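Listed here are the chains, written in short residue letters.
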There are 2 protein chains.
Amino acid sequence: MTDGVTARKRGRPPRTESADTRDRILAAAREEFSERGYEKTSVRGIAKAAGVDSALVHHYFGTKEQVFEAAVEVAFAPALVVRDTVLEGSVEDVGERMTRMIFGLWENPVTRAPLLAIVRSAVNNEAAASVFRRLVSAQLLRRIAGELDAPDAELRAELAAAQLVGIAMLRYVIKVEPLASADVEQIIARVAPVVQGHLTGA
Amino acid sequence: MTDGVTARKRGRPPRTESADTRDRILAAAREEFSERGYEKTSVRGIAKAAGVDSALVHHYFGTKEQVFEAAVEVAFAPALVVRDTVLEGSVEDVGERMTRMIFGLWENPVTRAPLLAIVRSAVNNEAAASVFRRLVSAQLLRRIAGELDAPDAELRAELAAAQLVGIAMLRYVIKVEPLASADVEQIIARVAPVVQGHLTGA
């Protein structure tokens, strides 16, 4: 047994310690990307914020783009949980469920910060845009499109998403008034039928 | 007359030369802001690209934010010309005219580049966002809202704009497929009624 213990001490840390380190790096990455944006964030800066060596960040995640993707995936996990509730239920009110899902994420400060980081990064950097395309369009929009019985389902899902993305831009990112201060239920009441129209309209 | 000539030589350059320099600085500024985004652009870099001293940039425009605002105003001038055609004609198809105006600007590579610069900068920087709010919402959306006979005209104009902003984000900035490659007339046909609905719908 002595050999086994020695081997473990010399090699990788045991499972739980390793998972803790991984989580700590991801939390630091999310923080750094949110505050500085994709371009100004470095693997070195993430490592420093997590209190580990840069080599360990590379070991767990690879390149900066891969750390970003992992951080976005974690930040995006609540959206994927809610997505499943969007997909459940009648297609006749999928527009309202999709609208409520998006506003639920943006109105909550905990999920708003990583969303802001994703938008800011994707707008300014091709690697980050590519992560956005893989996650948002593949995991979210294509799944919603899959529920629609239409040959142009993906385009419909994207035009619906565009309405919500545009409101998020003007309300939460650029903060144009009166939209930025409007009551969220008032916005949902106006926008849900538009989203529904894109998804299932004539 | 000799005194006058001497004074002119020692003082500011004559009118036309001064206008040329101003234009050259603005062109350099537009180029720098488009390529680097607001935060990474410096007055020094703009001066260098224009082949003038930084002091001259400050002399003509003031701070970096003021250079940005002047550059955006120039880039935005075609939109203001088209805006007037949007405002002319029946309110019943203002949605289609507004939609065509926005796609006209984004589909043209000459006007697309400064629009990209405005979006990238406004998303990442509060000073640039403030310029966006002053120009786009005050000069464009409030004027369109002024044509509508509704108490919530500004909110309507912003929700209509949000549909178009969101499509621009997904199609031209993040390039999500199939929207990025879809035929522009097909998009206009689907979106113009939605924009019209926001502006004048029940």
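Residues numbered from 1 in each chain as written. Chains lettered and ligands numbered in written order. Predicted model: local features only at pLDDT ≥ 70, side-chain atom pairs only at ≥ 80, totals over all residues. Heavy atoms only, no water.

An unreviewed UniProt entry lists chain A under the name TetR/AcrR family transcriptional regulator, with Streptomyces aquilus given as the organism.

By a widespread convention, an interface's size corresponds to the accessible area lost as its parts come together. Listed as interface residues are 40 residues of chain B and, on the opposing side, 40 residues of chain A. Counting each side, the surface lost to burial between chain B and chain A is near 3,400 Å², with a carbon and sulfur contribution of 67%. For the chain B face of the interface with chain A, the top three residues by lost area are Val123(B), Ile174(B) and Arg190(B), together amounting to 18%. There are four salt bridges connecting chain B and chain A. Residue Asp152(A) pairs with Arg190(B) through a salt bridge whose shortest N-O separation is 2.1 Å. Remark: the boundary between chain B and chain A carries 14 residue pairs in polar contact (both at pLDDT 80 or more). Of all the elements in the fold, those that place two or more residues in the side of chain B that touches chain A are helix H2 (15-40), helix H7 (109-124), helix H8 (126-147), helix H9 (153-173) and helix H10 (184-200) of chain B. At 14 residues, the largest contribution of residues to the side of chain B that touches chain A is made by H9(B). Each residue belonging to the side of chain B that touches chain A can be placed in one class, and the counts come to 22 nonpolar, six polar and twelve charged. (Contact = heavy atoms within 4.5 Å. Buried area = accessible area lost by both parts, 1.4 Å probe. Salt bridge = Lys/Arg side-chain N within 4 Å of Asp/Glu carboxyl O. Polar contact = N/O pair within 3.5 Å; in protein donor to acceptor, adjacent residues only side chain to side chain. Helix = DSSP H or I, 4+ residues; strand = E, 2+ residues; numbered from the N terminus. Nonpolar A, V, L, I, M, F, W, Y, C, P; charged D, E, K, R; others polar.)

Both copies of the chain are tied together by a single rotation about an axis and a shift running along it. In screw terms, the move from chain B to chain A is a rotation of 180° and a rise of 0.0 Å along the axis, fitting with an RMSD of 0.0 Å. Taken together, the rotation and translation relating the two chain copies correspond to the operation of a two-fold axis. The residues that chain B uses at the interface reappear at the interface of chain A in 100% of cases, marking a shared surface. (Least-squares fit on C-alpha atoms with pLDDT ≥ 70 in both.)

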